[in-house]
Amino acid sequence: DTVFELDRVGVDYPTPAGTVTGLHDVSLAVPRSGITVFAGPSGSGKSTLLRVLGLFERPARGTLRFDGVDTGALRHAGRRALRREHLGLVFQNPSENLLDYLSVADNLRAAAQAARRGCEPERILEQLGLGGTGEWAVPALSGGQQQRLAFGCALARGSSVILADEPTSQLDEASADLVLDTLRYLAEQDFAVLVASHDDRLVDLGTRIARLRGGRLEGVEQR
Ligand code: ADP
Ligand code: ADP
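Residues numbered from 1 in each chain as written. Chains lettered and ligands numbered in written order. Predicted model: local features only at pLDDT ≥ 70, side-chain atom pairs only at ≥ 80, totals over all residues. Heavy atoms only, no water.

> Can you tell me about the site of ligand 2, naming the residues and giving the values?
Surveying the vicinity of ligand 2 reveals the residues Arg 80, Arg 83, Arg 84, Leu 87, Gly 88, Leu 89 and Arg 157. With respect to ligand 2, the side chain of Arg 84 contributes an N or O atom lying 3.1 Å from an oxygen atom. When isolated, ligand 2 has an accessible area of 540 Å², and the protein chains bury 59% of it. By residue class, the composition of the shell around ligand 2 is 2 nonpolar, 1 polar and 4 charged. (Near = heavy atom within 4 Å. Polar contact = N/O pair within 3.5 Å; in protein donor to acceptor, adjacent residues only side chain to side chain. Areas by Shrake-Rupley, 256 points an atom, 1.4 Å probe, with all protein chains shown as cover. Nonpolar A, V, L, I, M, F, W, Y, C, P; charged D, E, K, R; others polar.)

Next up, the structure:
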């Protein structure tokens, strides 16, 4: 069961100094099960690839299929509907994922509402080891707990695919542990988990490691 299929996907960025190629001819099939890690040094194309998979960025070349659907054939509204229904994104900074002026539970409710779904915040918080924090302000949570809540927002949205961009890079080791546990938990619950990271501990968690360099896919290692 393949969730994403990329065939010679290329991404360009126009800059004042000329075109920068973010991804070169990336071909890859991502199975739904397990944890796929996109590894590689800074500037290798990890975030670009996640933005493409999250349907935030349109490839300049090649095809991207999501659940068998050719996303290049979709208009803006179609891409947005797929994103809303299936894809949960978690970025590296908790502040990009959460609304600080809402309580913990209201962040989950807002995420569910954006996806037009109902929500039981307490159930999601229990699942993620955040039980009892529903009425807290977001800044009262540790960085790791805030990232857990960001994954909770993806659950509240009803996402079946979780895409996380360097989710531990802003965290100390103890907080990062909370995120590693959460990724393991989500994979056990049959979510497709895709993560970009150069954190060795996170890379070790991968059941499939796709290594990028200079916007090219160097190889895929199965564990
Ligand atoms: P990584 O996530 O591995 O650090 P990125 O996907 O951010 O890599 O970057 C891949 C390449 O694309 C780099 O050369 C980067 O400078 C370039 N790039 C990424 N985003 C932009 C952008 N918005 N505008 C111009 N160039 C970009
Ligand atoms: P958009 O405004 O991007 O077309 P929505 O109206 O569905 O999509 O999204 C409302 C809010 O949810 C926006 O702030 C957006 O950044 C965020 N969002 C959209 N899609 C996702 C996603 N798949 N995962 C996490 N947050 C998302």
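Next, the rest of the story.
> How would you summarise the sheet that holds strand S3 (residues 35-39) if you had to cite specific residues and measurements?
Strands sit in the order S6-S7-S8-S3-S9-S10 across an open sheet of 6 strands; the sheet is mixed. In this open sheet, the two strands that pair with only one neighbour each are strand S6 (87-90) and strand S10 (216-222). For this sheet, the mean inter-axis angle between neighbouring strands, taken without regard to orientation, is 15°. Of the pairings in the sheet, the one linking S3 to strand S9 (residues 208-213) comprises 4 bridges and is parallel in character. Within S9, the residue paired with Val 37 across the bridge is Ile 209. Packed onto the sheet, helix H2 (residues 76-86) meets S6 and strand S7 (161-165) and runs at close to 75° relative to S6. Strand contacts of helix H7 (residues 173-188): S3, S7 and strand S8 (192-196), with the helix running at about 150° to S8, the strand carrying the most contacts. (Pairing = 2+ DSSP bridges. Helix = DSSP H or I, 4+ residues; strand = E, 2+ residues; numbered from the N terminus. Axes fitted to C-alpha atoms, helices over the stretch in contact; angles between N-to-C directions. Contact = heavy atoms within 4.5 Å.)

> Please set out the environment of Thr 71 residue by residue, giving values where relevant.
Residue placement: Thr 71 occurs in the loop between strand S5 (69-70) and H2. Assessed through its relative accessible area of 2%, Thr 71 is described here as buried. Setting aside chain neighbours within four positions, we find Thr 71 in contact with Leu 55, Arg 58, Leu 64, Phe 66, Arg 79 and Leu 82. Within the local environment of Thr 71, its side chain forms a polar contact with the backbone oxygen of Leu 64, the two atoms lying 2.8 Å apart. (Buried < 20%, exposed > 50% of the residue type's maximum accessible area, 1.4 Å probe, protein only.)

> So, the site of ligand 1: which residues are in play, and what are the values?
Close to ligand 1 lie 13 residues; Gly 43, Gly 45, Lys 46, Ser 47 and Thr 48 are nearest. A distance of 3.1 Å separates an oxygen atom of ligand 1 from a polar atom in the backbone of Ser 44. Residue Gly 45 places a main-chain N or O atom 3.0 Å away from an oxygen atom belonging to ligand 1. Considered on its own, ligand 1 offers 560 Å² of accessible surface; in the complex 63% of this is hidden by protein. Listed by contribution, the elements that provide at least two residues to the shell around ligand 1 are strand S1 (2-15), strand S2 (18-31) and helix H1 (46-53). No other element matches the 4 residues that H1 contributes to the shell around ligand 1. A class-by-class count of the residues in the shell around ligand 1 yields 3 nonpolar, 8 polar and 2 charged.

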